[in-house]
Protein chains: 2
Amino acid sequence: MIRLAVDVQSGDFGPDVMVRGILIARQTSAIPFVTYLCGDGAQIKCVLDDLEKELSFDRSEFVIEHCPDVIGEDEWRSMIWKNRKGSSIVRCVSLQKEGKADASISAGDTGILIGTALFTLGRGEGVNRPVLAAFIPTATHSNPVLVLDVGANLNCRAEHLASFAQMGNFYVSRLFAKPARVALLNIGLEQSKGPKVVRDTAALLEKESWYSGFIEGNKVFSGDADVVVCDGFLGNVLLKTCESFYSLASDFLAGNKNVLELLTQKMDVLNPENYGAVPFLGIKGTVLKAHGSSSVRSIRNAVLTALNAVKNNVTECWR
Amino acid sequence: MIRLAVDVQSGDFGPDVMVRGILIARQTSAIPFVTYLCGDGAQIKCVLDDLEKELSFDRSEFVIEHCPDVIGEDEWRSMIWKNRKGSSIVRCVSLQKEGKADASISAGDTGILIGTALFTLGRGEGVNRPVLAAFIPTATHSNPVLVLDVGANLNCRAEHLASFAQMGNFYVSRLFAKPARVALLNIGLEQSKGPKVVRDTAALLEKESWYSGFIEGNKVFSGDADVVVCDGFLGNVLLKTCESFYSLASDFLAGNKNVLELLTQKMDVLNPENYGAVPFLGIKGTVLKAHGSSSVRSIRNAVLTALNAVKNNVTECWR
């Protein structure tokens, strides 16, 4: 039985939305699991009581993990993992360290979650820098493309980018149980193109069977690669730009209900809700960062991703 | 009378498409202009003869500038400006140097065009690095946002980015005859966010009245800024990603004619054809780079942009 820890206090829409997402994932998942619900115990109990009135579920699959600490706005964020062990974000990661959970999900502050994961669980063998990775859906393939880094490392040397490529390859080939094609984001396909750090990374990777060369911005959605590697500054801007496309398209068609429905149906592949949550790679354990404004559907998809990651042992290589 | 020089031999679809674009611009423009058509003289004459059969235009507004040189695949690209003065791409820029044209447009190789513009016309007073800028349409505003650099400078120091910001401000405020809001692309809005080079650039710009602070990837299309500044690596990836989104949306709806028409109409603002061409800033003269696969509509818009740039004297500050 897989055991998840979810920081249900972390989303913008409160524990109700987080718990609903978990319940819907439980209904659709072929893999049984139990969930530690980390947050305000009394509030979580009320949410479960209310949900029982409209949905049918097995309450024994939920463990309320009361977390009394609340993090103040002005607290020193890089020390939260040490100073606020009773907060829901730290507690859900600690449950992994204590061997009670196999994976954790939080929609809380990225910096706090990175610090907590890194210092509580530790970085994997041979991992220089843990990395934040995000799935972007593609038009042609059923599998999305993993983009990394999307914000954990702003300044990267070639050996860092090469290590991201290796982690991305391992994660994706394990998660989807098939070989991955890993590409480096660049401004052209020829060997001589792009900044020196990208060309140096290519030289480090050229002998890897899974390395497929450079990829340009206009091919990120094409499904030509399963993993796209770049530094965290570029990756973060790219990810946010992709997110804004979807809302822009929806805005354009807001006045036109029929077309909007058709578009939503057709372009749903680009909806950021489908990403669910983004994994930290290189940490000894499966930690997923969900979007602050996660919907029921986002949390459902985050839970399904976590289950898949645990089932396929995706963090095994750097444990 | 404004005089343009157009490298009609440079587009993927040949002189016919390029000349049609110019003719349609001439029909819609309130500003009269004459055009030097640079390329194979005999071929251009045939194109004009054929077009006369279906369109009505004043042939005296076109000057055929025969360019006998053809650039080989293996020629040293950075010396083309010197070794191939009789090629259409070099000739159209040279006509500016000779005082015969006020602006030039080419859909040819970016590197050759940058080199030719830089060494034939020279860089402006006080300009450290000329820069390639691109317009991206926005949803909310009638004016598009200018993104720079989009590929001329891959590694930039803070003083380079600050200089791009200044050029962008000047160009946009002149072109649209109203004050511009210039933002720096970053991964967060707080002063402490992002790579050092971006924070250092912010410090150099903070006293400028037109500087509006950081902007994130998801706000590039929002119309919150008129100019978005970043290095050429990031800008190039961003621009290409934007282009691919439009074709992706069209692909999704390809089987659904009615919806595709409605979407095309609504989302036309995102169509890269609307950009027309991207200007080099910091060169002593107006040089526009059109997309290699420019359509009639792209060339029409490139011509209208060139006319507007000349009329508003946008390169005056660094001449």
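Please refer to the structure higher up on the page.
Rules behind the numbers
- Residues numbered from 1 in each chain as written.
- Chains lettered and ligands numbered in written order.
- Predicted model: local features only at pLDDT ≥ 70, side-chain atom pairs only at ≥ 80, totals over all residues.
- Heavy atoms only, no water.
- Pairing = 2+ DSSP bridges.
- Helix = DSSP H or I, 4+ residues; strand = E, 2+ residues; numbered from the N terminus.
- Axes fitted to C-alpha atoms, helices over the stretch in contact; angles between N-to-C directions.
- Contact = heavy atoms within 4.5 Å.
- Phe/Tyr/Trp six-rings, centres within 6.5 Å; stacked < 30°, edge-to-face > 60°.
- Buried < 20%, exposed > 50% of the residue type's maximum accessible area, 1.4 Å probe, protein only.
- Lys NZ or Arg CZ within 6 Å of the ring centre and 35° of its normal.
- Parallel < 35°, antiparallel > 145°, perpendicular 65-115°, else oblique.
- Left-handed = near helix turned anticlockwise from the far one by under 90°.
- Nonpolar A, V, L, I, M, F, W, Y, C, P; charged D, E, K, R; others polar.
- Salt bridge = Lys/Arg side-chain N within 4 Å of Asp/Glu carboxyl O.

Enquirer: Account for the sheet that holds strand β8 (residues 211-215) of chain B, naming residues and giving values.
Expert: Residue and element names in this part refer to chain B. If you walk across this open sheet you meet the 11 strands as β3-β2-β1-β4-β11-β10-β5-β6-β9-β7-β8, and the pairing is mixed. A strand with exactly one partner marks an edge of an open sheet, and here the two such strands are β3 (62-66) and β8. Averaged over all pairs of adjacent strands, the angle between strand axes in this sheet comes to 25°, irrespective of strand direction. Bridge count between strand β5 (residues 131-136) and strand β6 (residues 145-148): 4 bridges; the pairing is antiparallel. Bridged to Phe-135 within β6 is Leu-146. On the sheet, helix α6 (residues 158-175) packs against β5, β6, β7 (182-185), β9 (227-229), β10 (277-281) and β11 (286-290) and is oriented at approximately 165° with respect to β9.

Enquirer: Explain the packing of aromatic side chains residue by residue, including any values.
Expert: By the definition in use, this model includes 8 aromatic pairs over all chains. Seen from their ring centres, A:Phe135 and A:Phe176 are 6.0 Å apart, and the 65° between their planes marks the pair as edge-to-face. On the criterion of sequence distance, the pair formed by A:Phe135 in strand β5 (residues 131-136) and A:Phe176 in the loop between α6 (158-175) and β7 (182-185) is long-range, its members being 41 residues apart. Its relative accessible area of 25% is what places A:Phe176 among the partly exposed residues. Pairing B:Trp81 with B:Phe119 gives two aromatic rings, centres 5.0 Å apart and planes at 25°, and the pair type is stacked. On the criterion of sequence distance, the pair formed by B:Trp81 in helix α3 (residues 80-83) and B:Phe119 in helix α5 (residues 110-121) is long-range, its members being 38 residues apart. Here the basic side chain of A:Arg26 rests over the ring of A:Phe33, its NZ or CZ set 5.7 Å away from the ring centre.

Enquirer: Residues and numbers for unusual backbone geometry, please.
Expert: Residues and elements named next belong to chain A. Residues Leu-148 and Asp-149 are joined by a peptide bond in cis, for which omega reads 0°. Tracing the sequence through the fold places Asp-149 in the loop between β6 (145-148) and α6. The phi dihedral of Ala-177 is positive, around 50°, even though this residue is not glycine. Its place among the elements puts Ala-177 in the loop between α6 and β7.

Enquirer: Hey, could you go over the packing of α6(A) against helix α7 (residues 196-205) of chain A for me, with residue numbers and the actual values?
Expert: Residue and element names in this part refer to chain A. Packing of α6 against α7 leaves a shortest axis separation of 8 Å and a crossing angle of 50°. With respect to their mutual orientation, α6 and α7 come out oblique. Our pair here, α6 against α7, has a crossing hand that is right-handed. Taking contact as the criterion, the partners of Ala-158, Glu-159, Leu-161, Ala-162 and Ala-165 in α6 are, on α7, Val-197, Asp-200, Thr-201, Leu-204 and Leu-205. Considered class by class, the residues forming the contact of α6 with α7 number 7 nonpolar, 1 polar and 2 charged.

Enquirer: An account of the pattern of salt bridges is requested, with residue identities and associated values reported.
Expert: In the structure shown here, the tally under the stated rule is 34 salt bridges over all chains. One salt bridge connects B:Lys100 with B:Glu98, and the closest N-O pair in it is separated by 3.4 Å. Here B:Glu98 falls in the partly exposed class, since its relative accessible area comes to 42%. One salt bridge in this structure joins B:Arg181 and B:Asp226, with 2.9 Å as the shortest N-O distance. One end of the pair, B:Arg181, is in the loop between α6 and β7; the other, B:Asp226, is in the loop between β8 and β9, with 45 residues separating them in the sequence. A relative accessible area of 30% places B:Arg181 in the partly exposed class. Connected through salt bridges with shared partners, the residues A:Lys45, A:Asp49, A:Glu52 and A:Arg59 form a single ionic network.

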